[in-house]
Amino acid sequence: MYLGEVVNRKGERWELQLKGAGPTPYSRDADGRKVLRSSIREYLCSEAMHNLNIPTTRALACVTSGSKVVRDIYYDGHPILERCTVVSRLAPTFLRFGSFEIFKTLDSMSGRIGPSVGRTDLFDQLLDYIISSFYPKVYETFCDDRRKMCAVFFKEVVIKTAHLVANWQCVGFCHGVLNTDNMSIVGLTIDYGPFGFLDYYNPDHICNGSDSAGRYSFANQPKICGWNLAKLAEVLQRVLPLEEGRSILEETYFEAFDDKFMSQMRKKLGLIRKNLPEDRQLIEDFLNTMAETGADFTNCFRGLNQILLPGSRDFDLSSEKLKSHLMKQCCTVEELRILHKPVINESELMVYATLLTQQPELLESLGKGADFVKNEIEKRKKLNSLKDCSGEMKTAKDSELWQHWINQYSDRLQLEVDNQCNFDDLNLERVKIMNSTNPRFVLRNYLLQVAIDAAERGDYSEVQKLLKILEDPFSDANLFEDTPEINTGSVEVEEQNDSNIDRRILAYDGVRPEWARSLRVTCSS
């Protein structure tokens, strides 16, 4: 529900909304309500992303009530009653790519048209409002040449979107539902639903339990955001010719993404003095080693601050400390098997493989393209290779892989050093930059679930603790010094499970515990 706009003393424009306040003329067949579970998720994650320095909508408040609505969380025929909740949120604007699709002409695949197709007056009004309000320099410079104005505006949106998704990839954030309605026209992270931060690194991770095809998987996010930009170019073609829009997208998007991604990754690895072509391979090898060993994404990056520059006092000891840290982040054989579990059975794979060779367009329309089929085949190969692998065998292999990468990393760090180098100063500078780009704390789904479970029992203390922690995700300080039992960054939580009490140890900066392995989130609100 749109409440209005406020321009503050700094001249900043803020749009105010209520989400979950009930039906509106645009609610279609839904009840327009939001529940406590999804409201806490949106409230905490929008603030977490802000404090990670990633553009996002913000949350003002989360208000719950005694009213309840029915929700089938997993769409499996097991509905439950959940408490109604309203989130108040704000952003410079909540306009999205999809806002323009009310003018969309006939879609040959779906047979649908936008409700305002042909309303050129409304289209022009919307376009002028967005550019004049949120891209004022573009409007002032090119308002007499609408085609040029729209071209420059579209390029700005392309760059903002590329930088946004690069930031996501650098902190391991998976949005979950990247359709055009969830893409901000000003490059914000918007609409927090079945999102998730990576635990064990799996590039094909699917955070949305409803996304069986992996359309919105972690690795696919840059590609799908590019696809959404192509859809935006289509609806802008009344002013900006489609070929010109596509050309801007092709020339700009992946270059802007890559520049931002590599810049951030160099900071995360402490490569602060030189930009070398071989850095790309070092980064790719780090990610591949995490995937191969099933290591924790956030903690592996954070731990890189332990190694000193070659030539420093205690360099060898620091190298050993880094390896020990990385080994502790690796998952078990059983967890690695689960990470590589196929989504579909053999019969379905055969059907999709046949469609891929004979009717690829049909396969794409089903949301299962070439990448999906390839990933399913690779998962089976990986699973087969793990069939006879023991825990000892995996540990030995993990040790070999990490030592190989640390040797590569040390060789690259050596190139940061010169004859005039003050090792102490440069090590301090590196660690400062690394610690400001590699968070210690992210909003892991199991942390959220514990907070939600407690809140649904009327205890909001864990929500408040998480909010406090996420205010400074890069901190090395002890947590809650006035609460000695969780100074180590852990809290013991009780969960009633039938007649037994399951004692769950909640580590705010630890690897995902075994009890959280089966957690799933969906689009249900």
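So, here's what we can say about the structure. Small disclaimer: the values here were computed from a predicted structure and weren't measured.

## Topic: the overall build of the chain
When you go through the chain residue by residue, the secondary structure sums to 17 helices and nine strands. For 525 residues, the compact-globule estimate of 2.2 N^0.38 gives 24 Å, and the C-alpha radius of gyration of the chain, at 24 Å, lies within 12% of that figure. Looking at the chain as a whole, 50% of its 525 residues qualify as buried. Residue pairs in contact within the chain that sit at least 24 positions apart in sequence constitute 69% of those at least 6 positions apart. Mean positive and mean negative side-chain charge positions of the chain (65 and 77 charges, respectively) differ by 2 Å.

## Side note on the pairing of strand β1 (residues 2-7)
When β1 meets strand β2 (residues 13-19), the two strands line up antiparallel, connected through five bridges. Bridge pairing links G4 to L16 in β2. Where β1 hands over to β2, the hairpin turn is made up of five residues, of which G11 adopts a positive phi near 85°.

## Remarks on the packing of aromatic side chains
Summed over all chains, the structure comprises 22 aromatic pairs. Taking the centre distance of 5.7 Å and the plane angle of 90° together, the rings of Y129 and F134 count as edge-to-face. Residue F134 is classed as buried on the basis of its relative accessible area, which comes to 16%. With centroids separated by 6.3 Å and ring planes inclined at 70°, the aromatic side chains of F173 and Y192 adopt a geometry described as edge-to-face. Of this pair, F173 sits in strand β6 (residues 173-174) while Y192 sits in the loop between β6 and β7 (196-197), placing them 19 residues apart in sequence. There is no split in this pair, since F173 and Y192 are both buried. Taken together, the aromatic side chains of Y201, F218, F286, F297, F301, W402, W405 and Y409 make up a single cluster linked through ring pairs.

## Quick look at unusual backbone geometry
Its identity is not glycine, yet N53 carries a phi of approximately 65°, on the positive side. Following the sequence through the fold, N53 ends up in the loop between α1 (36-51) and β4 (58-71). Of the residues examined, N53 reaches a relative accessible area of 57% and is grouped as exposed.

## A word on helix α11 (residues 346-358)
An α-helical segment advances 3.6 residues per turn. Residues three or four places apart therefore align on the same side. Between its terminal C-alpha atoms α11 stretches 18 Å, which fits the 18 Å expected from 13 residues at 1.5 Å a residue. Residues L349, Y352 and L355 constitute the buried set of α11. The arc that holds the buried residues of α11, viewed along the axis, is 125°, so those residues lie on one side. Set apart from the buried face of α11 by more than 90 degrees, the exposed residues are S347, M350, T357 and Q358. Of the surrounding elements, those touching the buried residues of α11 are α12 (360-365) and α13 (370-385).

## Concerning the side chain of R266
Residue placement: R266 occurs in helix α6 (residues 242-268). Engagement of the side chain of R266 in a polar contact is seen with the side chain of D279, the distance being 2.8 Å. The residues touching R266, leaving out its near neighbours within four places in the chain, are L271, K274, N275, L276 and D279.

## Quick notes on the environment of I206
Relative to the assigned elements, I206 resides in the loop between β7 and α5 (221-235). With 314 residues separating them along the chain, I206 and R520 place their C-alpha atoms 9.9 Å apart. Ignoring sequence-local partners within four residues, the contact set of I206 consists of D211, S212, G214 and S217.

## Some points on the side chain of T161
If you trace the backbone, T161 turns up in helix α4 (residues 146-171). Accessibility expressed as a relative area gives 2% for T161, which makes it buried. With near-sequence residues (within four places) excluded, T161 lies in contact with F97, M183, C225, L229 and Y253.

## A few points about a nonpolar patch on the surface
The grouping of L106, I113 and V117 at the surface amounts to a nonpolar patch, some 280 Å² of accessible area in total. Relative to the helices and strands, L106 resides in the loop between β5 (80-91) and α2 (120-134). Given the relative accessible area of 60%, L106 is considered exposed.

Reading the values: the criteria
- Residues numbered from 1 in each chain as written.
- Predicted model: local features only at pLDDT ≥ 70, side-chain atom pairs only at ≥ 80, totals over all residues.
- Heavy atoms only, no water.
- Helix = DSSP H or I, 4+ residues; strand = E, 2+ residues; numbered from the N terminus.
- Rg over C-alpha atoms; globule rule 2.2 N^0.38 Å.
- Buried < 20%, exposed > 50% of the residue type's maximum accessible area, 1.4 Å probe, protein only.
- Contact = heavy atoms within 4.5 Å.
- Lys, Arg positive; Asp, Glu negative; His and termini not counted.
- Charge placed at Lys NZ, Arg CZ, Asp CG, Glu CD.
- Pairing = 2+ DSSP bridges.
- Phe/Tyr/Trp six-rings, centres within 6.5 Å; stacked < 30°, edge-to-face > 60°.
- Expected span 1.5 Å × (residues − 1).
- Arc of directions from axis to C-beta.
- Polar contact = N/O pair within 3.5 Å; in protein donor to acceptor, adjacent residues only side chain to side chain.
- Patch = residues over 30% accessible without salt bridge, like charges linked within 9 Å, V, L, I, M, F, W, Y side chains within 5 Å.
- Areas by Shrake-Rupley, 256 points an atom, 1.4 Å probe, with all protein chains shown as cover.
- Salt bridge = Lys/Arg side-chain N within 4 Å of Asp/Glu carboxyl O.

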